[in-house]
Amino acid sequence: MRSRVEEAPDHCAIEFAMEILGGRWKLAILKQLVPGTLRFGEIGRALPGITQRMLTRQLRELENDGLVARTVYPEVPPRVEYTLTDVGRSLDAITAQLDTWGRWYQEKVRRSELPSGPHPTA
């Protein structure tokens, strides 16, 4: 169960942020939404490997946390679009920095510049 902001001690700000942003897909979803509004299928195609169930779950959590806005259009079939809120957009620089760091780290692993051992793979 997620702790409430009002109850989180000040020294746990990173832990609280990780509760909101943690997981394999949330930051990747936010990064996909930086350029603009996307439909569910477009997000899924941009993230091969994420299941529809997981994408639905992660988008719901991001919406509940106020990072993503969901708009449903009364059409048949229904059209649903996702966009970053102002709070979600506040993470633009962070997602860009993490993307840059991830690419740098991935290159170091490929060049074997890090000690041997298990490393995340692409």
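The structure we're discussing is the one just above.
All residue numbers here refer to positions counted from 1 along the written sequence of the relevant chain. In view of the model being predicted, local features appear only for residues whose pLDDT reaches at least 70, and side-chain atom pairs are presented and counted only at 80 or more, with totals across whole chains, interfaces and linings using the full set of residues. Excluded from the side-chain calculation are hydrogens and water; included are all heavy atoms of the structure.

A.B. asks: Describe in detail unusual backbone geometry, supporting the description with residues and values.
C.D. replies: Residue P77 follows V76 across a cis peptide bond; omega there is -10 degrees. Relative to the elements of secondary structure, P77 occurs in the loop between β2 (68-73) and β3 (79-84). The numbering of helices and of strands both runs from the N terminus, where a helix is a DSSP run of H or I of at least 4 residues and a strand a run of E of at least 2.

A.B. asks: Before we move on, could you go through the pairing of β3 and cite the residues and values that matter?
C.D. replies: In this description, strands pair whenever DSSP reports at least two bridges between them. Pairing of strand β1 (residues 38-39) with β3, which is carried by two bridges, proceeds in the antiparallel orientation. Across the sheet, residue R39 finds its bridge partner in β3, namely E81. Where β2 and β3 come together, six bridges link them in antiparallel fashion. Considered in β3, the bridge of V72 is made with V80. The turn linking β2 back onto β3 is made up of five residues.

A.B. asks: Mind laying out helix α4 (residues 52-64), listing which residues take part and the relevant values?
C.D. replies: An expected span of 1.5 Å times one less than the residue number is assigned to each helix. If you check α4, its first and last C-alpha atoms are 18 Å apart, about what 13 residues at 1.5 Å a residue would give, namely 18 Å. With a 1.4 Å probe rolled over the protein chains alone, any residue whose accessible area is under 20% of its type maximum counts as buried; one over 50% counts as exposed, and the rest are partly exposed. For α4, the set of buried residues is L55, Q58, L59 and L62. Looking straight down α4, one finds its buried side chains confined to an arc of 100 degrees; they lie on one side. Residues of α4 that are exposed and point more than 90 degrees away from the buried face comprise R53, R60 and N64. Should any heavy atoms of two residues lie within 4.5 Å, those residues are counted as being in contact. Buried residues belonging to α4 abut α2 (26-33), α3 (40-46), β2 and β3. Just beyond α4, the residue with positive phi is G66, at close to 80 degrees. Taken from the helix axis, the directions to the C-beta atoms give the arc we talk about.

A.B. asks: How would you sum up the pattern of salt bridges? Please name residues and give values.
C.D. replies: The rule for a salt bridge is simple: a side-chain nitrogen of Lys or Arg has to be within 4 Å of a carboxyl oxygen of Asp or Glu. The final tally for this structure, using the stated rule, is seven salt bridges. With a closest N to O distance of 3.0 Å, R103 and D99 form a salt bridge. Here R103 pairs with D99, and both are found in helix α6 (residues 92-110), just four residues apart, close to one helical turn. Residues joined by salt bridges that share partners form a network here, namely K26, R57 and E61.

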